[in-house]
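Secondary and tertiary structure notes
Listed here are the chains, written in short residue letters.
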Amino acid sequence: LGMYAPFTGLMYAIVASFFGVKSAYAFHLFSFIIHIVNLLLVYLIGCKLFKNTTKAVFLALLFSIHPLAVEVVGWVSATSTLLFSLFFLSGMYFYIQYLESHKRIFYIYTLVLFIFGCLSKIQIIPFVGVLFLLDILFKPGWLSRKGILEKTPFIIISFIFLAIALSFRQNEKIVNASNYSNFYFSMNQISWYLYKIFAPFSIGISYVWPKQLL
């Protein structure tokens, strides 16, 4: 599909090199383990955000069973979503650690995790906006020159990977872009995901694309 996800490809290769490709069991197990790790990260982030264990447990349980999150566990070819979620959540956790402790090492961890997330799936880019939201929650006087400078490397990296991803998409003729703009195509998919978050029914491996584009 013209997706740029080299780290995801590397993970497939590592699993295949150890367990082969005659059975999908090892790939499913790998996806399940990542989902469990993501679940723990959601719990840890919930503890940081709510300062309440009960609320954090509820948040983690909701994440663990929500069909939109579970779907990517059962669908081996959606491992890229699990991986970028892993780096997104772990990056959030370490950035909160940075805001609380002011230790530079946690900022570096966040940046490295973001890069790995970009190598897994370009959809991690909204992570940059989440950093600003975390500043509002944890950092008095969040809109400062220092705060903006801290986000600059993330913004630059985002533009670099976005350019790479677009070049891959342009080389892959997936849809007829002459009739529908990329903006329309993107808005259609964003609205689909937002709807499924609150009404997670009829979720399958074949996503609902505009029929005219098939």
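Residues numbered from 1 in each chain as written. Predicted model: local features only at pLDDT ≥ 70, side-chain atom pairs only at ≥ 80, totals over all residues. Heavy atoms only, no water.

Here we come to a nonpolar patch on the surface. Nonpolar side chains collect at one region of the surface, where Tyr25, Leu29, Phe32, Ile33, Ile36, Val37 and Leu40 lie side by side and expose about 660 Å² of accessible area between them. Turning to its location among the elements, Tyr25 is positioned in helix α2 (residues 25–50). (Patch = residues over 30% accessible without salt bridge, like charges linked within 9 Å, V, L, I, M, F, W, Y side chains within 5 Å. Areas by Shrake-Rupley, 256 points an atom, 1.4 Å probe, with all protein chains shown as cover. Salt bridge = Lys/Arg side-chain N within 4 Å of Asp/Glu carboxyl O. Helix = DSSP H or I, 4+ residues; strand = E, 2+ residues; numbered from the N terminus.)

This next bit is on the nonpolar core. With 40 residues, the main nonpolar core has Phe88, Met92, Phe114, Ile124, Phe127, Leu134 and Phe154 as its most contacted residues. Mapped by element, the contributors of at least two residues to this core are α1 (6–19), α2, α4 (67–74), α5 (79–101), α6 (104–120), α7 (127–138) and α8 (145–171). No other element matches α5, which puts 13 residues into this core. Residue contacts for Phe154: discarding those within four places in its chain leaves Tyr107, Thr110, Leu111, Phe114, Phe127, Val128 and Leu131. (Core = buried A, V, L, I, M, F, W, Y, C linked by side-chain atoms within 4.5 Å. Buried < 20%, exposed > 50% of the residue type's maximum accessible area, 1.4 Å probe, protein only. Contact = heavy atoms within 4.5 Å.)

The predicted coordinates should not be examined in detail at positions where pLDDT is low. Of all residues in the protein, 83% have pLDDT values of 70 or greater, and the mean over the chain is 84. Between the elements of the protein, mean pLDDT differs from a low of 70, seen in helix α9 (residues 182–198), to a high of 96, seen in α6. (pLDDT = per-residue confidence, 0-100.)

It is worth spelling out unusual backbone geometry at this point. Even without a glycine there, the phi angle at Lys51 is positive, about 55°. Mapping Lys51 onto the fold places it in the loop between α2 and α3 (53–65). In this structure, His102 is a non-glycine residue whose phi angle is positive, near 65°. Position of His102 relative to the elements: it lies in the loop between α5 and α6. Look at His102 and you get exposed, because its relative accessible area is 63%.

Our next topic: the packing of α5 against α6. Taken N-terminus to C-terminus, the directions of α5 and α6 make an angle of 165°; their axes are 8 Å apart at the nearest point. Between α5 and α6, the angle falls in the class roughly antiparallel. With respect to the hand of their crossing, α5 and α6 are arranged in left-handed fashion. Within the contact between the two elements, α5 uses Ser80, Leu83, Phe84, Phe87, Ser90, Gly91, Phe94, Tyr95, Gln97, Tyr98 and Ser101 and α6 uses Arg104, Phe106, Tyr107, Tyr109, Thr110, Leu113, Phe116, Gly117 and Ser120. Tallied by class, the residues present in the contact of α5 with α6 amount to eleven nonpolar, eight polar and one charged. (Axes fitted to C-alpha atoms, helices over the stretch in contact; angles between N-to-C directions. Parallel < 35°, antiparallel > 145°, perpendicular 65-115°, else oblique. Left-handed = near helix turned anticlockwise from the far one by under 90°. Nonpolar A, V, L, I, M, F, W, Y, C, P; charged D, E, K, R; others polar.)

This part covers the pattern of salt bridges. Counted according to the given criterion, the structure contains four salt bridges. Among the salt bridges present, the one from Glu100 reaches Lys48, with a minimum N-O distance of 2.8 Å. Remark: Lys48 occurs in helix α2 and Glu100 occurs in helix α5; sequence separation between them is 52 residues. Given the relative accessible area of 17%, Lys48 is considered buried. Note that Glu150 and Arg104 form a salt bridge whose closest N and O atoms lie 3.7 Å from each other. Highlighted residues: Glu150 in helix α8 and Arg104 in helix α6, separated in sequence by 46 residues. The exposure class assigned to Glu150 is buried, which follows from its relative accessible area of 3%. Residue Arg104 is classed as partly exposed on the basis of its relative accessible area, which comes to 45%.

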